[in-house]
Amino acid sequence: MARKLPPKDVVIIGLGWTGSILAHELAQEGLEVVAIERGPWRDTATDFSPAFAQDELRYRLRHELFLRPAQMSLTFRNNRDQTALPVRDWGAFMLGNGVGGGGLHWNAETWRFLPTDFTLKSHLVQRYGQKFLPDDMTIQDWGVTYGELEPHYDRFEYLCGTSGQAGNLKGTIQAGGNPFEGPRSRPYPTPAQKQPFAHTLFGKGAADLGYKPFPQPSGNLSQAYTNPLGVEMGRCTYCGFCEWFGCANYSKASPQTTILPALLRQPNFTARTECEATKILLDKSGKRATGVLFVDSSGAEWEQPAELVILAAFQLFNVQLLMLSGIGQRYDPLTGEGQIGRNFSHQTVSAAMAFFDKKKFNFNPFVASGAIGMCIDEFNGDNFDHGPHGFVGGGYMGNVQSNGRPLETMTALPPGTPQWGAKWKEAVRDTYLSTIYAGSGVHGSCYTYKTNYLDFDPTYKDRFGRPLLRMTMDFHDNELKMSAFLTDRYAEIFKAMGAQQVVKKPRKGPYDITQYQTSHLCGGAIMSATPKDGAVNRYLQSWDVPNLFVQGASGFPQNAGYNPTGTVGALAFWSAGAIRSQYLKHPGPLVDA
Amino acid sequence: MARPNRRKVLSAMGLALAASPLSARAAVIEGGMPWTPDRTQPPQPVDPKGWRYFTQEEAEAVEALVDRLIPPDPETPGGKDIGCAVFIDRQVAGPYGSAEALYMSGPFHDGTKQQGPQAHDPPALHYRKALAALDKYCRGSFGDKPFAALSDQQKDQIIADLESGKVPLGAKPGSFFKQVLKDTQQGFFADPVYGGNRDMAAWKMIGFPGARYDYTDWVDRHNERYPHPPIGIADHPDWKG
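Attention here is on the structure that accompanies the text. (Residues numbered from 1 in each chain as written. Chains lettered and ligands numbered in written order. Predicted model: local features only at pLDDT ≥ 70, side-chain atom pairs only at ≥ 80, totals over all residues.)

Below, the discussion takes up the overall build of chain A. Check the secondary structure of chain A and you find 14 helices and 23 strands. By the compact-globule yardstick of 25 Å for 593 residues, chain A fits well, its C-alpha radius of gyration being 23 Å. C-alpha extents for chain A along the principal axes are approximately 70 × 55 × 55 Å. Per-residue burial over chain A gives 64% buried out of 593 residues. (Helix = DSSP H or I, 4+ residues; strand = E, 2+ residues; numbered from the N terminus. Rg over C-alpha atoms; globule rule 2.2 N^0.38 Å. Buried ≥ 20, exposed ≤ 12 C-beta atoms within 10 Å, placed from the backbone.)

Turning our eyes to something else, we now look at the packing of helix α6 (residues 146-160) of chain A against helix α14 (residues 565-583) of chain A. Residue and element names in this part refer to chain A. Their axes nearest at 8 Å, the elements α6 and α14 cross at an angle of 110°. Relative to α14, the element α6 is oriented roughly perpendicular. Judged by the twist between their axes, the crossing of α6 over α14 is right-handed. Where α6 abuts α14, its residues L149, H152, Y153, R155 and F156 lie against G566, G569, A570, F573 and W574. Grouping the amino acids of the contact of α6 with α14 by side-chain chemistry returns 6 nonpolar, 3 polar and 1 charged. (Axes fitted to C-alpha atoms, helices over the stretch in contact; angles between N-to-C directions. Parallel < 35°, antiparallel > 145°, perpendicular 65-115°, else oblique. Left-handed = near helix turned anticlockwise from the far one by under 90°. Contact = placed C-beta atoms within 7 Å. Nonpolar A, V, L, I, M, F, W, Y, C, P; charged D, E, K, R; others polar.)

Counting residues at the interface gives 71 residues for chain B and 80 residues for chain A. When contributions to the side of chain B that touches chain A are tallied by element, the ones reaching two or more residues are β1 (27-29), α5 (152-164), α6 (175-189) and α7 (201-206) of chain B. For the side of chain B that touches chain A, the leading source of residues is α6 of chain B, giving 4 residues. Across 3 bridges, strand β11 (residues 269-273) of chain A lies against β1 of chain B in antiparallel orientation. Bridge pairing links R272 of chain A to V28 of chain B in β1 of chain B. (Pairing = 2+ DSSP bridges.)

Right, let's talk about α6 of chain A for a bit. All names here are of chain A. Its 15 residues place the ends of α6 20 Å apart at the C-alpha level, agreeing with the 21 Å of an ideal helix rising 1.5 Å per residue. Within α6, burial applies to Y146, L149, H152, Y153, R155, F156, E157, L159 and C160. Contacts made by the buried residues of α6 are with α8 (255-258) and α14. Taken from the residues just after α6, G161 is the one with a positive phi, measuring 75°. (Expected span 1.5 Å × (residues − 1).)

Right, let's talk about the pairing of strand β2 (residues 8-13) of chain A for a bit. All names here are of chain A. Among the 6 residues in β2, 5 count as buried, and that is most of the element. Bridge count between β2 and strand β14 (residues 301-311): 5 bridges; the pairing is parallel. Within the sheet, the bridge partner assigned to V10 lies in β14 and is L308. Bridge analysis of β2 against strand β3 (residues 33-36) gives 4 bridges, and the strand direction is parallel. Across the sheet, the residue bridging to V10 is V33, located in β3. The parallel pair β2 and β3 is bridged by helix α1 (residues 17-28), and the resulting crossover is right-handed. (Right-handed = clockwise from strand over helix to strand, strands pointing away.)

This part takes up the pairing of β3 of chain A. Residues and elements named next belong to chain A. Here β3 shows no split at all, with V33 and A35 on one side and V34 and I36 on the other all buried. When β3 meets β11, the two strands line up parallel, connected through 4 bridges. The partner of V33 across the bridge, within β11, is F269.

All names here are of chain A. A rise of 1.5 Å per residue sets the reference length of helix α13 (residues 477-496), with its 20 residues, at 28 Å; its end C-alpha atoms lie 29 Å apart and thus fit the reference within 8%. Of all the residues in α13, the buried ones are N478, E479, M482, S483, F485, L486, T487, Y490, A491, I493 and F494. On its buried side, α13 packs onto α7 (197-208), β15 (348-355), β17 (395-399), β19 (442-444) and β22 (501-505). After α13 finishes, the residue G498 shows a positive phi value of roughly 100°.

On to the nonpolar core. Residue and element names in this part refer to chain A. One finds I12, I13, V33, I36, V309 and I310 to be the most contacted residues of the largest nonpolar core, which totals 242 residues. For this core, the element with the highest residue contribution is α14, accounting for 9 residues. Those residues in contact with I13, other than ones at most four positions away along the chain, are I36, A277, V292, I310, L311, A312, A313 and L321. (Core = buried A, V, L, I, M, F, W, Y, C linked by C-beta atoms within 7 Å.)

The structure is reproduced here in structure tokens:
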């Protein structure tokens, strides 16, 4: 029997980026806020020492900062004809755990989506016609526009201190920036990071081919910065141990380095760590959340009553908790009915290995940051005419190689190299300093299909005996065609840079749960204009339970050709703004069903 | 100083997951950022003497395997002298070997390649069974000689047959080859604190400067060879106080 805690105004599930933002915004309103976090407390000073943070085995290969599959996993299959099997160890994506969530271990690549990404369906139908889209594709408009989100992108970037070069200031194109980006109201808060040799060379090669290269927007800061909350960050040292690691330099934007010090000073905020939310509780009507049930690390069960519930866990676990709480109708791929679990997407990442003459090129690949890189955006979204190509979607591409960590870097060897023995050893020795390989160099979009979805697994259980989530996911021809086309363009740039040998690695099907792409899982509780087409309205408010707001990439109707965190942060500020300016005054649905 | 005491209480086995989330306790945090000095511990350097998991015969076979997977050359030691077998021994003796962090609930079925490994045996048990099978195979095929006593040519042939699945040791054809190759490469390139990569010889071989944490002065020195030798975690000045 759960012990009941004193009621709060707001209970937040998960203390990563969105949980921290919502907690701070709502605590500013004077509300009593409690956050329930599954993992441990983590902070720079106590957890990430520059004496031992740079440990590839501990953090990259043994996954110290991540959720352990023993605690929670999921099952996977490519299609309904297969029996799903458990993901016994992580591969295709990594799931954060603890305070900071994915915002702790990310690269800090801080992009905005294109204006047309938010009106994707209507834009593509208008330009190419409905018949141009595959029959089983289920893309949607977001219900929120780039123009509406712009002030919130701006707030997130200024919270993070993002380093970059504006490409479009209030409609005026800026030299050296991304000319395809939507108009921004002011420049990035800090200048772009300096680029190492290989990244600079990529920019030159791209410019030689007529493209407009620009530095990747980076949450690894080019200079010291004090954000609007008064939290200070340091300059990035290009240590090459960024993604999968915590930053010991206070240089990577994360909840710890941008918002938690200000949040924890609020007397009306409390965090409970090592506490796993197991259910959102509803009243008898099923239309109102009354609080959250959670289990602490001793196994004791608690009930936290609250007036407002913010679901701010990772995408998968948002969807899982909605299903476990009986909120909304679960998606049925046979009928296309139901909202929870539909429009699941990931990313369509591809790459190329570029081998250069070691007598002429020395790249020092270990000099890098998580969000380093020179990129082009000519082949993202609908920035190019898809008519002749027979697919939709795209992605940015760039040399974004973020490290020279040996165990990761040694995987880039010329074709035909044996896996072991003297020839393997020679090849590793002779290519390390003169090879460019960014595993996610081509960052392709992933659109949605009737057959890619999340539901409950019938066999495998978590440690509480509850069903695991089951992922049914495969690549479709549209994404594979896109990947082949983009990877060809990418390889041409390496040729223009003077590579001796370029090995293209376009994404191939079937979707493989062991092959790392990115940790950008999206959808399952998507934004929609009507309750029929999604789980939440344009403010991320549950259509079914109006005092529940579901944050994060679970709300993306499909995934664009960018890293999602900038958009996740912007949506969190947008949603918080609606709660502050509208919901708190008149609690109830913000959009009529 | 408290550090030596803390080092003593850390077992060599538990080092990689000393701050294991499952062993932590629920906490209520409010009123400011909590402060626990040195909450996360550095790894404890491996003592290279003896074996923690392998028997002497198993250890000899593993040393012979790692020394053919990564053979010595005039500049750089091979897998044996660089410590790969010690690395593997310490890793399989700990949480990695028992697959403590992984989802290991049944039922176990083989699936498609895309569904990932579904092995029931954690790495430590995989080694025990596969090394016994390797020993039996070698003694049966090479006049009662164990793997370690074979010629380099014979060893290489057996490894090639393990790779192709022709000699089916381990849970599935090729699975033991994959396991030992992955672990050997990790021992070769991981920080020397874990028992492999002795003298940072693997890092010197490729030109990786190791656990340095500041390349600010080098980001715009393009196409210039970085001149400084590598440092490891245990070499860091902060450890010498």
